[in-house]
Amino acid sequence: MELDDIDLALLRALNRDGRLPAAELAARANVSRGTVYARLERLRRAGVIRNFSIDVDHHKLGLHVTALVLVSAGQFRWREMSRELAGLPEVQYAGYLTGGFDIVLLVRVRDTDALRAFVFEKLQSIQGVRSTQTLTVVEEVVDRPGILPAE
């Protein structure tokens, strides 16, 4: 789907504040409210807008430790591994990689004891996980809800 300037204006406005009313979106994109509704529906149907969610402060939820966990996996079971990783509530993001590791996980837990338990008891018990390397994040510098094309 090709996005035009109106689509991008709507997405940028929603990316900054997902609760903007249609009238405000219309004003920012210089279009009618009817156009806003039609464009948003088209973007949803095309899968550009996948869902609406909240942006939570992980620290205020008691999740004080963020880590990137690199995973080497042998005898890869792609579909099964994906389902098992999706079932781990500590995992915010998982992606398959090229290079020295096969998978990267973004993990959020309450403390280092919970991180240890996640890596040693949950993750390493998954069939096919050969080894892991854990990188603890000491400060998050950029955390965007979504990335849009540069203006």
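Each remark here, short or long, concerns the structure printed above.
Attention here is on the structure that accompanies the text. (Residues numbered from 1 in each chain as written. Predicted model: local features only at pLDDT ≥ 70, side-chain atom pairs only at ≥ 80, totals over all residues. Heavy atoms only, no water.)

### Quick notes on helix H5 (residues 112–122)
- Within the span of H5, buried status applies to Ala 114, Leu 115, Phe 118 and Val 119. The arc enclosing the buried residues of H5, seen along the axis, measures out at 130°, which places them on a common side. Exposed side of H5, more than 90 degrees from the buried face: Thr 112 and Phe 120 are the residues found there.
- Tucked into the core, H5 has its buried residues touching strand E1 (65–73), strand E2 (91–96), strand E3 (103–109) and strand E4 (129–137).
- Among the residues of H5, the N-terminal cap falls to Asp 111, whose side-chain oxygen and the backbone nitrogen of Asp 113 are separated by 3.2 Å. (Buried < 20%, exposed > 50% of the residue type's maximum accessible area, 1.4 Å probe, protein only. Helix = DSSP H or I, 4+ residues; strand = E, 2+ residues; numbered from the N terminus. Arc of directions from axis to C-beta. Contact = heavy atoms within 4.5 Å. Polar contact = N/O pair within 3.5 Å; in protein donor to acceptor, adjacent residues only side chain to side chain.)

### Observations concerning the pairing of E3
- The buried count for E3 comes to 7 of 7 residues, which makes it a mostly enclosed element.
- One ladder, built from 7 bridges, connects E1 with E3; its direction is antiparallel. When the bridges of E3 are listed, Leu 68 appears paired with Leu 106.
- Two elements, E2 and E3, share 5 bridges in a ladder whose sense is antiparallel. For Tyr 93, the partnering residue across the bridge sits in E3 and is Leu 106.
- Counting the residues in the hairpin turn of E2 and E3 gives 6 residues, including Gly 99, whose phi is positive at 105°. (Pairing = 2+ DSSP bridges.)

### A closer look at the sheet that holds E4
- Spatially, E2-E3-E1-E4 is the arrangement adopted by the 4 strands of the open sheet, whose pairing is antiparallel. The open sheet has two free edges, formed respectively by E2 and E4, since each of these has just one partner strand. Strand after strand, the sheet turns through a mean of 20° between neighbouring axes, direction not considered.
- Sheet strands touched by helix H4 (residues 78–86): E1, E2, E3 and E4. Its angle to E2, the strand with the most contacts, is close to 165°.
- Here H5 sits on the sheet in contact with E1, E2, E3 and E4, set at roughly 145° to E3. (Axes fitted to C-alpha atoms, helices over the stretch in contact; angles between N-to-C directions.)

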